[in-house]
Amino acid sequence: YDTDVRTIWDRDTETLPRALRKKRNEYRHFAEEFLAPLALEGDRDPASIDVKALFLEAAKRGFQTEFLPLPMGSMELTALGRPLLFPVILKAEEFCAADCGLGLGLLDHDLGIAPLFVSGNTKAMFGWLRRIYTEIKAGEPSIAAFAITEPSAGSDVEDTFGGLTARIGCRARKVDGGWSLSGRKVFITNGAVAKWVTVFAAIEDQGLDSWTCFLLDASMPGFSVGRHERKMGQRGTDASELILDEVFVPDDRVIGTVGTGWAINRNVLNFSRPAIAAIALGIARNALEHATRFCNENRLGNRPLVAYQDVQLALADMMLKVSAMRGTVWQSVRYRLPFQAAGSIAKVFCSDTAWDVCNQAMELLGDHGYLHRNRVEKAARDARLTQIYEGTNQINRLS
């Protein structure tokens, strides 16, 4: 008779190297203490959450400065010998198992600074990235955002063929000492709270092959925040329109070199798609855990729901899917550097499967699952977005 009561989470954690086991536990404890209690409030009234205070709580634990080693960042030197994305996907699952809305805001800071990291440019990494990390360590909420999406150009710019006909509206015009940027970016996570924004713009009178990455800060004249989106899910994190009206950007704010923006963007997406898969995994795990609790606490007739075999089979099916998702995510980041096929496979499989798991969980809750803003209904709304951002699943299938 097996008396071992360790969970699958415990067993999976034990397979990790010691440093990653420690990280996973730290991420989980933070998420349970600071994110889970605010989940429903953030979904009901996003403006009531002090995002910057939450960011600084995560920063105190080193969670927002993990791309550079000590003393510049908080990455341990021993991590340089491991796959770079493993801590990212562990953090994404734990944060989003507690609450995807708030978790996304903390995670998207890494996406905002990812162009500085993947550009391979030493000035970007040890100049600008180091400066951002220094501000964070000093207690400043130097949140970063990533801005590519435009009103007339979304996932098409993330596809080789779609990019050829994409209508790029954000333009950069060469002026003395730098560039003048004009245009709009939409659905930008953390757009309203970010200090730093990596913006992709095409050179005036040229196409996507001239796309260039620029580092802006929100204090620049001509930079403003427009519409705040009212989202179906992941509501705890801001998504806003950014308006650029002849924003002057000095030459030293070009990330990489002029015309390398599309390559930088593709490499960033190779980096971020496994993280989206891990976000979907966290959402599905959240739905499974709450459905399991509901089936244990509620009764049909004189028996708890979980005593019925069809309920047991449904829970087992959901557990099977969540375990398969975790295996897919972990496998996708075991490579030394992320690559397109692995990231797209993980993103598509996990986001589609998360949607399935959340729907199964809602069915188990019956009428309760249909009530607005319970945690399972919220998980279903949160899961839907993972099938859309970082390239729709249709675009990822073409990758």
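Before any of the text, the structure's been laid out above.
Nothing here was measured: the structure is a model prediction, and the numbers come from that model.

Caption draft 1: Here's a closer look at the nonpolar core. Leu-35, Phe-95, Leu-116, Leu-181, Phe-214, Leu-216 and Ile-279 are the most contacted members of the largest nonpolar core, which totals 117 residues. With 17 residues, the top contributor of residues to this core is helix α9 (residues 261-297). If sequence neighbours within four positions are ignored, Leu-216 has contacts with Leu-181, Lys-195, Trp-196, Val-197, Val-199, Phe-223, Leu-244, Val-247, Val-249 and Arg-253.

Caption draft 2: Quick look at the environment of Glu-32. Mapped onto the elements, Glu-32 comes out in helix α2 (residues 18-35). Expressed as a C-alpha distance, the spacing of Glu-32 and Phe-95, which sit 63 residues apart in the sequence, is 8.3 Å.

Caption draft 3: Representation of empty space enclosed by the protein in the model. Per the stated rule, a full pass over the model turns up 1 cavity of 30 Å³ or more. Of the voids in this model, the largest cavity is the one considered here, and its volume is about 40 Å³. Taken together, Val-51, Leu-54, Gly-101, Leu-102, Gly-105, Leu-106, Asn-190, Gly-236 and Thr-237 make up the full set of residues lining the largest cavity. For the lining of the largest cavity, the secondary structure elements donating two or more residues are α4 (51-60) and α6 (100-118). Here the element with the most residues in the lining of the largest cavity is α6; it accounts for 4 residues.

Caption draft 4: The environment of Arg-285, seen in detail. In this structure, Arg-285 sits in helix α9. With relative accessibility at 7%, the residue Arg-285 sits in the buried group. Among residues more than four places away in sequence, those in contact with Arg-285 are Trp-9, Arg-24, Arg-28, Glu-93, Glu-94, Ala-97, Val-322 and Arg-326. Here the side chain of Arg-285 touches Glu-94 through a polar contact of 3.0 Å, side chain to side chain.

Caption draft 5: Structural view of helix α10 (residues 309-332). End to end, α10 covers 35 Å across 24 residues, agreeing with the expected 34 Å (1.5 Å per residue, within 8%). Buried positions along α10 lie against α1 (8-14), α2, α5 (86-98), α9 and α11 (340-365).

Caption draft 6: A look at the packing of aromatic side chains. This structure, assessed with the given rule, holds 14 aromatic pairs. Ring geometry for Phe-86 versus Trp-330: centroids 5.6 Å apart, planes at 70°, classification edge-to-face. In this pair, Phe-86 is assigned in helix α5 and Trp-330 in helix α10, connecting sequence segments 244 residues apart. Measuring from ring centre to ring centre gives 5.5 Å for Phe-146 and Phe-200, while their planes differ by 70°; the resulting arrangement is edge-to-face. Remark: Phe-200 occurs in strand β4 (residues 196-203) and Phe-146 occurs in strand β1 (residues 144-147); sequence separation between them is 54 residues. Classification of Phe-146 as buried rests on a relative accessible area of 7%. By way of ring pairs, the aromatic residues Tyr-27, Phe-30, Phe-34, Phe-63 and Phe-95 are connected into one cluster.

Caption draft 7: Up close: the pattern of salt bridges. A complete count under the given rule lists 31 salt bridges for this structure. With a closest N to O distance of 2.7 Å, Lys-23 and Glu-66 form a salt bridge. Here Lys-23, found in helix α2, pairs with Glu-66, found in the loop between α4 and α5; they are 43 residues apart in sequence, far enough to count as distant. You can call Lys-23 buried: its relative accessible area is 15%. Note that Glu-229 is salt-bridged to Arg-227, the shortest N-O span being 2.9 Å. Residue classification places Arg-227 among the exposed positions, given a relative accessible area of 53%. One network of salt bridges, with partners in common, ties together Asp-12, Arg-24, Glu-93, Glu-94, Arg-285, Glu-289 and Arg-326.

Caption draft 8: Summary view of the packing of α9 against α11. It is at 8 Å that the axes of α9 and α11 come closest, and there the two elements cross at 20°. Taken together, the axis directions place α9 and α11 in an arrangement best described as roughly parallel. In this structure, α9 meets α11 at a crossing whose hand is left-handed. The residue makeup of the contact of α9 with α11, split by class, is 18 nonpolar, 5 polar and 3 charged.

Caption draft 9: Up close: the environment of Pro-274. Tracing the sequence through the fold places Pro-274 in helix α9. Separated by 67 residues in sequence, Pro-274 and Ala-341 place their C-alpha atoms 10 Å apart. Setting aside its immediate chain neighbours within four residues, Pro-274 contacts Leu-85, Ile-89, Val-329, Ser-332, Val-333 and Gly-343.

Caption draft 10: Inspection of the packing of α4 against α6 at higher detail. Viewed as axis vectors pointing N to C, α4 and α6 meet at an angle of 60°, and their least axial separation amounts to 10 Å. As judged from the angle between their axes, α4 and α6 are oblique. The hand of the α4/α6 crossing is right-handed. Within the contact between the two elements, α4 uses Leu-54, Phe-55 and Ala-58 and α6 uses Leu-102, Leu-106 and His-109. In the contact of α4 with α6, the residues fall into 5 nonpolar, 1 polar and no charged.

So, how was this worked out
- Residues numbered from 1 in each chain as written.
- Predicted model: local features only at pLDDT ≥ 70, side-chain atom pairs only at ≥ 80, totals over all residues.
- Heavy atoms only, no water.
- Core = buried A, V, L, I, M, F, W, Y, C linked by side-chain atoms within 4.5 Å.
- Buried < 20%, exposed > 50% of the residue type's maximum accessible area, 1.4 Å probe, protein only.
- Helix = DSSP H or I, 4+ residues; strand = E, 2+ residues; numbered from the N terminus.
- Contact = heavy atoms within 4.5 Å.
- 1 Å grid on protein atoms, 1.4 Å probe; cavity = no way out; pocket = protein on both sides within 12 Å on 5 of 7 lines; lining within 4 Å.
- Points joined across faces, edges and corners; volume = space filled by probe spheres on them.
- Polar contact = N/O pair within 3.5 Å; in protein donor to acceptor, adjacent residues only side chain to side chain.
- Expected span 1.5 Å × (residues − 1).
- Phe/Tyr/Trp six-rings, centres within 6.5 Å; stacked < 30°, edge-to-face > 60°.
- Salt bridge = Lys/Arg side-chain N within 4 Å of Asp/Glu carboxyl O.
- Axes fitted to C-alpha atoms, helices over the stretch in contact; angles between N-to-C directions.
- Parallel < 35°, antiparallel > 145°, perpendicular 65-115°, else oblique.
- Left-handed = near helix turned anticlockwise from the far one by under 90°.
- Nonpolar A, V, L, I, M, F, W, Y, C, P; charged D, E, K, R; others polar.

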